[in-house]
Each structure stands twice: as structure tokens, then as C-alpha cells.
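Listed below are the residues making up each chain.
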Amino acid sequence: MITVMLADDEELVRSGLRAMMSAAPDIEVVGEAVDGRSAVETARRLRPDVALLDIKMRQPDDGIRALRAMQALPEPPRMAMLTTFDVDEYVSLALRFGANGFLLKDIEPAVLVRAVRDLARGGAVLDPSVAARMVNAQRDEARAAAPARRLLASLSEREREVVELIGQGLSNAEIGGRLHLSEATVKGYVSAVLSKIGAANRVQAALLAYRGGLVN
């Protein structure tokens, strides 16, 4: 039996995914979560074989942070990002952070079941439309390296440290612990950095860290 955990902040989405897999005799949904933090705790407690994570739950980077945290578990599940957001930046970041697949929420039930089985066997799954976008994203990232380095050079040393730690998937509290700063101070740095680099959210800041070479 393949055990699956679902993480999405919309009950309708979770119930739909659960229904899609209910007809498969070898798949059982054993846990659900509504945000990144509860996803990590649920995975730690239930040790599912496969986890399907929405990238954008209650925070823009909620699924990405959950992905990073779950990779550090003693027995991490095979993880795929299941989302309506086929934006290149999210695809790139999720795959960089170790996602085993990226699927869109309009997936057909039979395709979803097959993807879960493939993940459980150790395979990787990627929606065809996402695969095409990845080719373009890789070209874009190569072109973005020099501008990213120039943008990072405009930041102070402390601001670059904050961007680097955002790129590693750390929360404000974790960044504060690493840099010996209060969480409120870190929040101020993050807000200032996002404004300076013209980023709408932490995902874009993390991408800048990768493109500029702060994080490998």
C-alpha cells in the first residue's frame, strides 16, 4: 500500500485529490495539512511514502519551505509539487530544492494515480507543459546571472547574508538564530531587501540568491 499525504490550504482541492486516488486499491491518503508547518509535522508523524504539496498555501513560499524542511526528516517522503501555479520561478526553485516532480492541479485522475505510483517507486514526474517551461527557464537563468550579481552587489553585507539564508529556505526566526538577530530585526531586513531588489516575495529573493551564486 502506498501512503500519501496531501498539503493544500483549500479543503475543496484536498477532497478532490483524495477522491481521485480513492479508486486506486494500492493508494491510501493517510494525512492532510493546510499549511507548510502542519505538512512537516504530519510527515514527521505519519511517515508517508509520497507527499503532494501545494507551493502557495497561506504564504507565497509555504510549500517551498515545507519541501526543504521535509527533506531533512529521517525518512523523507517522495515529494511532488501539485499546484495551479506553473510560473517558471516556482518550478525552478522547487526542483532545485529537491522536489521529485511538479504537477498541475488540472491533472487527470488516472495520470495522478500513475504519478503517485511512479514517485513511490523512486521515479520523478513532470507535467509536459512544465517540462517545456523548464527549458525556457534554464535559458533565462543563464542570462539572469550577471544582472543578479550586480543587484546583490548593491546590497549591504548583512542584506546579502539575509538573501543567502532566504535562498537556503530559512524562516525569519531561523535567520535570526543564525545571525544572532531578533526576529523583528530580520523581518525589517527582509522587507528592505525585497524592496531594494524589486521582489514581490521570498521566492523571488531565493531565486536571486541562486542566480547570483550565493547558494549552490
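Residues numbered from 1 in each chain as written. Predicted model: local features only at pLDDT ≥ 70, side-chain atom pairs only at ≥ 80, totals over all residues. Heavy atoms only, no water.

Looking now at the nonpolar core. Counting residues in hydrophobic clusters, the biggest one holds 49 residues, and the most contacted among them are L53 and M70. Sort the elements by how many residues they give to this core and helix α10 (residues 202-211) lands first, with 7 residues. Not counting the four nearest positions on each side in its chain, L53 is found in contact with M5, A7, A39, G63, L67, M70, M79, A80, M81 and L82. (Core = buried A, V, L, I, M, F, W, Y, C linked by side-chain atoms within 4.5 Å. Buried < 20%, exposed > 50% of the residue type's maximum accessible area, 1.4 Å probe, protein only. Helix = DSSP H or I, 4+ residues; strand = E, 2+ residues; numbered from the N terminus. Contact = heavy atoms within 4.5 Å.)

The next point concerns the pattern of salt bridges. Any two side chains of opposite charge can pair, given that their charged atoms come close. Going through the model one piece at a time under the given rule, you end up with 12 salt bridges. Ionic pairing is found between R18 and E11, a salt bridge with its closest N-O pair at 3.7 Å. For R117, the salt bridge goes to D26, with nearest N and O atoms at 2.9 Å. A residue pair is termed long-range when its members are at least 10 positions apart, and R117 in helix α5 (residues 109-120) and D26 in the loop between α1 (11-22) and β2 (27-33) qualify at 91 residues. Under the relative-accessibility criterion, D26 is labelled partly exposed at 26%. (Salt bridge = Lys/Arg side-chain N within 4 Å of Asp/Glu carboxyl O.)

This part takes up the layout of surface pockets. Considered as a void within the structure, the largest pocket measures approximately 490 Å³ in volume. For the largest pocket, the lining is made up of 18 residues, of which G36, R37, D62, R65 and S171 are closest to its centre. Of all the secondary-structure elements, those providing two or more residues to the lining of the largest pocket are α2 (36-46), α3 (62-71) and α8 (172-179). Top element by residues in the lining of the largest pocket is α3. It accounts for 5 residues. Counted by class, the lining of the largest pocket contains 5 nonpolar, 5 polar and 8 charged residues. (1 Å grid on protein atoms, 1.4 Å probe; cavity = no way out; pocket = protein on both sides within 12 Å on 5 of 7 lines; lining within 4 Å. Points joined across faces, edges and corners; volume = space filled by probe spheres on them. Nonpolar A, V, L, I, M, F, W, Y, C, P; charged D, E, K, R; others polar.)

Here we come to the sheet that holds strand β3 (residues 50-53). Sheet architecture is open: 6 strands sit in the order β2-β1-β3-β4-β5-β6, paired in parallel fashion. Either end of the sheet is taken by a strand with one partner, and the two such strands are β2 and β6 (125-126). Relative to β3, strand β1 (residues 2-7) runs parallel, the two sharing 4 bridges. From the neighbouring strand, M5 faces β3, where its bridge partner is A51. Across the sheet, α5 is in contact with β1, β2, β3, β4 (78-83), β5 (101-104) and β6; its angle to β3 comes to roughly 130 degrees. (Pairing = 2+ DSSP bridges. Axes fitted to C-alpha atoms, helices over the stretch in contact; angles between N-to-C directions.)

Moving on: the pairing of β3. Judged by which residues are buried, β3 turns out to be covered on both faces: V50 and L52 on one side and A51 and L53 on the other are all buried. Pairing of β3 with β4, which is carried by 4 bridges, proceeds in the parallel orientation. The residue of β4 that forms the bridge with L53 is M81.

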